[in-house]
Amino acid sequence: MDKLSFIFCFCIVLALGLVHGDAGAEKPGFFEIKNENITAKFTNWGASLVSFLFPDKTGKKTDLVLGYDTVEEYQNDKVYMGSVVGRVSNRIAGGTFKLDGKEVKLQTNDGKNTLHGGPKGFSDVVWNVGSHVPEGKKAHITFHYSSPDGDQGFPSALDCSVKYALDGNNLTVTLKAKNVGDKPTPVSMAQHAYWNFAGHNSGATILDQWLWIFGAFYVPVDEQLIPLGQITYGVGTANDFQTEPKKIGGRAHLVKTGYDNTYVIDGHDGTIKKAAVYENRENGIKMELMTNQPGLQFYDGGKLNGVKGKGGAVYNANAGLCLETQFYPDFVNHPDWPQSILKPKKVYKHYMVYKFSN
């Protein structure tokens, strides 16, 4: 093969996406999938959910997700707006843990702790776009990211993917990670969308909306939101959203710092279980969340403060809530809790199904 032919073939390979790595990484942009009832928008910066339009009981489509207008705003985001977080979501105490008897030291970004994977976790990188069917009964989009050995201090290399798919009134999210290195590593990714079923720009908070969590136990934390080490029965306490749907604001006054708790999903056995039901009884929009993960983090958005969002909207405290399915926070330092340590060549699989109705 002469030099000119080689250059031509190499360019074709690049165009086909067969050469990977930072040099071949795509530029961040926006992408859409839709069907008869749902229109969802994403950016490959952080594999983030940007908007989600669904009709209320009158047929009016409402954007249920907080977000930004530009890629630059996602790149400068400080609240994990709509993003996929990892390699390990939530907090790791002191940014350290032991694995196979050896101490692993991570980069920290939440005081002395590591939050949502570190200073440059999965929410702060460009994901490559894979399969994309923009419209119809099989509408979906897939994002891919290769996390190298030592990424934010985590051992071993991962090949990760996120698939968002529409099926009628359902949004299915599938998170996968294959350990392509030679060392075990913890993995617990999460989807960090902020939902408000009155509409992202309604000016209404989530406090007048209703939540039902299928978890009788929760994980108590200290002032740094680091687990104290026990699992506590929450029924009959301020943290009880389990026995029946409850108005969020009707209970918010019972906790001084708002809700940012992990609930233990009832009957977890690795199969898909019901985790929560969230609804706005004013406009009839309701969502049932199913997952195969052991925990559900309920964050009431209480720390949002003057965040400038889509179309000039400003998001303040309780402008949206997060329902993040995941392993318990700091599980790597609590070996008696459910563990997600991925061995070489093994695949982590995290499923979520959001079932919408009106």
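Residues numbered from 1 in each chain as written. Predicted model: local features only at pLDDT ≥ 70, side-chain atom pairs only at ≥ 80, totals over all residues. Heavy atoms only, no water.

## Focus on the pairing of strand β21 (residues 273–279)
By the criterion of burial, β21 is predominantly enclosed, with 5 of the 7 residues buried. In this structure, strand β16 (residues 210–213) lies alongside β21, joined through 4 bridges in antiparallel fashion. By the bridge assignment for β21, I213 is matched with A276. Alignment of β21 against strand β22 (residues 286–291), held across 6 bridges, turns out to be antiparallel. Each residue of the ladder has a partner; that of E279, found in β22, is K286. Between β21 and β22, which follow one another and run antiparallel, lie 6 residues, and G284 among them has a positive phi close to 85 degrees. (Buried < 20%, exposed > 50% of the residue type's maximum accessible area, 1.4 Å probe, protein only. Helix = DSSP H or I, 4+ residues; strand = E, 2+ residues; numbered from the N terminus. Pairing = 2+ DSSP bridges.)

## Description of empty space enclosed by the protein
To find leftover empty space, a probe the size of one water molecule is rolled over the atoms. In the structure shown here, the tally under the stated rule is 2 cavities of 30 Å³ or more. Put simply, the largest cavity is a space of about 40 Å³. Around the largest cavity, the lining residues are N90, R91, V219, V221, L225, D260, N261, T262, Q297 and P329. A per-element tally of the lining of the largest cavity places strand β20 (residues 260–264) first, with 3 residues. Looking at side-chain class alone, the lining of the largest cavity contains 4 nonpolar, 4 polar and 2 charged residues. Around the second largest cavity, the lining residues are W45, S48, Y74, D77, Y80, M81, S83, S123 and D124. Here the lining of the second largest cavity is composed, by residue class, of 4 nonpolar, 3 polar and 2 charged. (1 Å grid on protein atoms, 1.4 Å probe; cavity = no way out; pocket = protein on both sides within 12 Å on 5 of 7 lines; lining within 4 Å. Points joined across faces, edges and corners; volume = space filled by probe spheres on them. Nonpolar A, V, L, I, M, F, W, Y, C, P; charged D, E, K, R; others polar.)

## With respect to the layout of surface pockets
Approximately 350 Å³ is the volume found for the second largest pocket. As for the second largest pocket, its lining consists of 18 residues, and the residues nearest its centre are Y80, R91, L115, Y299 and K303. Partitioning the lining of the second largest pocket into residue classes produces 7 nonpolar, 5 polar and 6 charged.

## Digging into the sheet that holds strand β3 (residues 48–55)
Ordered in space as β1-β2-β3-β4, the 4 strands form an open sheet in which the pairing is antiparallel. Looking at the sheet topology across the chains shown, the edges are occupied by β1 (30–34) and β4 (61–63). Geometrically, the sheet is characterised by an average inter-axis angle of 20 degrees between neighbouring strands, direction not taken into account. When β1 meets strand β2 (residues 39–43), the two strands line up antiparallel, connected through 5 bridges. Bridge pairing in β2 links F31 to F42. (Axes fitted to C-alpha atoms, helices over the stretch in contact; angles between N-to-C directions.)

That is the geometry; function is a separate question.
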